[in-house]
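Structural characterization, general
Chain residues, written in single-letter form:
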Amino acid sequence: MNNIVAIVGRPNVGKSTLFNRLIQRREAIVDSVSGVTRDRNYGKSEWNGKEFSVIDTGGYVRGSDDVFEGEIRKQVELAIDEADVIIFVVDVEEGITPMDDIVARLLRKVTKPVLLAVNKVDNAMREKDAIEFYNLGLGEYYTFASISGSGTGDLLDALIESFPVKPEPVQEEVVLPRFAVVGRPNAGKSSFINALIGKERFMVTDIAGTTRDAIDTKFDRFGFEFNLIDTAGIRRKAKVKEDLEFYSVMRSVRAIEHADICILIIDATRGFEGQDQSIFWLAEKNRKGVVILVNKWDLVEKDTMSTRDYEEKIRKELMPFTDVPILFVSALTKQRLLKALEATVQVFENRKQRIPTSKFNEFMLKVIEAYPPPATKGKYVKIKYCMQLPTPTPQFVFFANMPQYVKEPYKRYLENKIRENWDFSGVPIDIYIREK
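- An unreviewed UniProt entry annotates the protein chain as GTPase Der originating from Flavobacterium frigoritolerans.
- Taken directly from UniProt, the Subunit (unreviewed entry) text for the protein chain runs: "Associates with the 50S ribosomal subunit."
- UniProt, in the comment section headed Function (unreviewed entry), describes the protein chain in these words: "GTPase that plays an essential role in the late steps of ribosome biogenesis."

Right, dumping it as structure tokens:
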């Protein structure tokens, strides 16, 4: 399980610049095309061989300078709740402001490690100015300039050192698939889980997850056996009334990283909203299998075409990753719940399937011959060999003489052909073109 780092601070101190600098290393690999803006506030970073997730609370403060205490307090509280380490960013140009004081007052009560990072320190004069930040009562501070990157190395060294030591997970004899139920608050996640487990709660054991608030419930009924990860959003906190999107995405991060397959529950009465999309892209970015369940279908006015139209609308939003099972269920009337489980188990099987290299070549090379990559500057790209990589999620590599000329649309064509011939429904596929 990754450590989670939250960047907090008042608006405009350079949190996002620091965030972008931290995730830069991974950005190129993850995906610099679509979907980045959708979850710009969550990324992965790595330093000295240690991977961690970064959450930027910055982009969530709505309104201008008069952002009142309450707003910031709620965000910082949520970040404190979720993160293992907190980076508190302040600005040397403006010194300590009343708002910094408010945040510092909250952070002083926290038992988790807090790193005070003083931004915009790019010369010796400013180094001296930074001394005033001792007044915040948070101990040592680290000076850096997020634009140029100077000083970020020391900050990251300190960050890695302050990660809590996590116990090595005890290996179970049989590793059961892990399904996370995600979705925004009030989409019916709890009802779905209760309907599955039954009111008497057919729980064999409660293996508390390594993280606070992700509890694995072992599910063993109707011939299915798996671990259901109960997202934190399910145990609603009385005090959480803040920006819903921030809340639900933040809570889903843990569950999604923890799972093999994500069951995304959306509310039929509200449609597939921006928030559902950000959770979907989060799962896709983490290369998890996805099943979409449209809950509360019993409340929707229906005619003969409604399911098809509704499904098409959702698939349009999911472009280009549209090969996802979408089921219409009702947790209340228990309509199609078993079908939903079957679909989820199927996606899990799809995710771990292996295609023998000989069969894969036999099919794909014919496909490539029928429609070769377009020539660029008069140069023809030849692909002579391909295979599936031995990775936990489906990844395929194609060896070409000039891989740099194979563009995104052609990769998508290859992916579509793979999906047509083998069942990878609900599973993101990675395609790599390498020099032979």
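Don't stop here, the text continues.
1. Considering the nonpolar core
- Membership of the largest hydrophobic core comes to 53 residues, with the highest contact counts inside it found for Phe88, Leu107, Phe280, Ile292, Val294 and Ile314.
- Among the elements that make up this core, the one with the highest residue count is helix α8 (residues 274-285) (five residues).
- Those residues in contact with Ile292 that sit more than four places away from it in its chain are Leu264, Ile266, Phe280, Ile314, Leu318, Val324, Pro325, Ile326 and Leu327.
- Residues Phe179, Ile263, Ala331 and Ala340 belong to the second largest nonpolar core, which totals 27 residues.

2. A word on helix α11 (residues 357-370)
- Taking 1.5 Å per residue, 14 residues should reach 20 Å; α11 reaches 20 Å between its end C-alpha atoms and fits that length.
- Buried within α11 are the following residues: Phe360, Asn361, Met364, Val367 and Ile368. One face of α11 carries all of its buried residues, which in axial projection span an arc of 140°. Residues of α11 that are exposed and angled more than 90 degrees away from the buried face: Ser358, Lys359, Glu362, Lys366, Glu369 and Ala370.
- Its buried side turned inward, α11 meets β14 (383-388), β15 (395-400) and α12 (408-421).

3. A few points about the sheet that holds β14
- Pairing is mixed across the open sheet formed by three strands, whose spatial order is β14-β15-β16. If you trace the sheet from one side to the other, it starts and ends with β14 and β16 (430-435), each paired once. Ignoring strand direction, the axes of neighbouring strands in this sheet form an average angle of 20°.
- Of the strand pairs in this sheet, β15 and β16 are connected by six bridges, and their pairing is parallel. Bridge assignment links Phe398 to a residue of β16, and that residue is Ile433.
- The strands touched by α11 are β14 and β15; relative to β14, the strand with the most contacts, the crossing angle is about 140°.
- Of the strands in this sheet, β14, β15 and β16 are in contact with α12, which crosses β16 at around 125°.

4. Topic: the pattern of salt bridges
- Under the definition given, this model contains 13 salt bridges.
- Its salt-bridge partner being Glu273, residue Arg270 comes within 3.3 Å of it at the nearest N-O pair.
- When its relative accessible area of 24% is taken as the criterion, Glu273 is described as partly exposed.
- Where Arg419 meets Glu415, a salt bridge forms, and the shortest distance between an N and an O atom there is 3.0 Å. One end of the pair, Arg419, and the other, Glu415, are both in helix α12, four residues apart, so they sit about a helical turn from each other. Judged on exposure class, the residue Arg419 and its partner Glu415 are both buried.
- Linked by salt bridges that have partners in common, Glu93, Asp122 and Arg126 make up one network.

5. Digging into the packing of aromatic side chains
- Scanning the model with the defined rule gives 18 aromatic pairs in all.
- With a centroid separation of 4.4 Å and 45° between ring planes, the pair formed by Trp297 and Phe328 is classed as tilted. Of the two residues, Trp297 is situated in the loop between β12 (289-295) and α9 (306-318) and Phe328 in strand β13 (residues 326-328); the sequence distance between them amounts to 31 residues.
- Centroid distance Tyr371 to Tyr410: 5.8 Å. Interplanar angle 35°. Geometry classified as tilted.

6. A closer look at the pairing of strand β3 (residues 50-56)
- Here β3 lies mainly inside the structure; five of its seven residues are buried.
- The pairing of strand β1 (residues 3-8) with β3 spans five bridges and is parallel. If you follow Ile7 over to β3, its bridge partner there is Asp56.

7. Topic: α9
- Along its 13 residues, α9 runs 19 Å from first to last C-alpha, staying within 8% of the 18 Å computed at 1.5 Å per residue.
- Looking at α9, one finds that the buried residues are Ser306, Tyr310, Ile314 and Leu318. The buried residues of α9 occupy an angular sector of 105° when projected down its axis, which confines them to one face. Within α9, the exposed residues directed more than 90 degrees away from the buried face are Glu312 and Lys316.
- Against the buried residues of α9 lie β11 (261-267), α8, β12 and β13.

8. Description of the packing of α11 against α12
- In contact at an axis separation of 11 Å, α11 and α12 are set at 135° when each is read in the N-to-C sense. Accordingly, the angle class assigned to the pair α11 and α12 is oblique. Once α11 is placed against α12, the crossing between them reads as right-handed. The residues of α12 that touch α11, namely those facing Phe360, Phe363, Met364, Val367 and Ile368, are Tyr410, Tyr413, Leu414, Lys417, Ile418 and Asn421.
- In terms of residue class, the contact of α11 with α12 is built from nine nonpolar, one polar and one charged.

9. Description of the side chain of Ser162
- Tracing the backbone shows Ser162 in the loop between α5 (152-161) and β7 (178-182).
- Ser162 sits in the buried class, given a relative accessible area of 17%.
- A polar contact is formed between the side chain of Ser162 and the backbone oxygen of Ala158, at a distance of 3.0 Å.
- Each residue touching Ser162, except ones within four places of it in the same chain, is listed here: Val85, Pro113 and Leu115.

10. Some thoughts on unusual backbone geometry
- A cis geometry characterises the amide bond from Met319 onward to Pro320, with omega recorded as 0°.
- For Pro320, the location among the structural elements is in the loop between α9 and β13.
- Notably, Lys296 is not glycine yet its phi reads approximately 65°, a positive angle.
- Tracing the backbone shows Lys296 in the loop between β12 and α9.
- Of note, Lys377 is a non-glycine position whose phi angle comes to about 50°, a positive value.

Cut-offs used in this document
Residues numbered from 1 in each chain as written. Predicted model: local features only at pLDDT ≥ 70, side-chain atom pairs only at ≥ 80, totals over all residues. Heavy atoms only, no water. UniProt positions renumbered as here; feature names shortened; annotations may be inferred. Core = buried A, V, L, I, M, F, W, Y, C linked by side-chain atoms within 4.5 Å. Buried < 20%, exposed > 50% of the residue type's maximum accessible area, 1.4 Å probe, protein only. Helix = DSSP H or I, 4+ residues; strand = E, 2+ residues; numbered from the N terminus. Contact = heavy atoms within 4.5 Å. Expected span 1.5 Å × (residues − 1). Arc of directions from axis to C-beta. Pairing = 2+ DSSP bridges. Axes fitted to C-alpha atoms, helices over the stretch in contact; angles between N-to-C directions. Salt bridge = Lys/Arg side-chain N within 4 Å of Asp/Glu carboxyl O. Phe/Tyr/Trp six-rings, centres within 6.5 Å; stacked < 30°, edge-to-face > 60°. Parallel < 35°, antiparallel > 145°, perpendicular 65-115°, else oblique. Left-handed = near helix turned anticlockwise from the far one by under 90°. Nonpolar A, V, L, I, M, F, W, Y, C, P; charged D, E, K, R; others polar. Polar contact = N/O pair within 3.5 Å; in protein donor to acceptor, adjacent residues only side chain to side chain.

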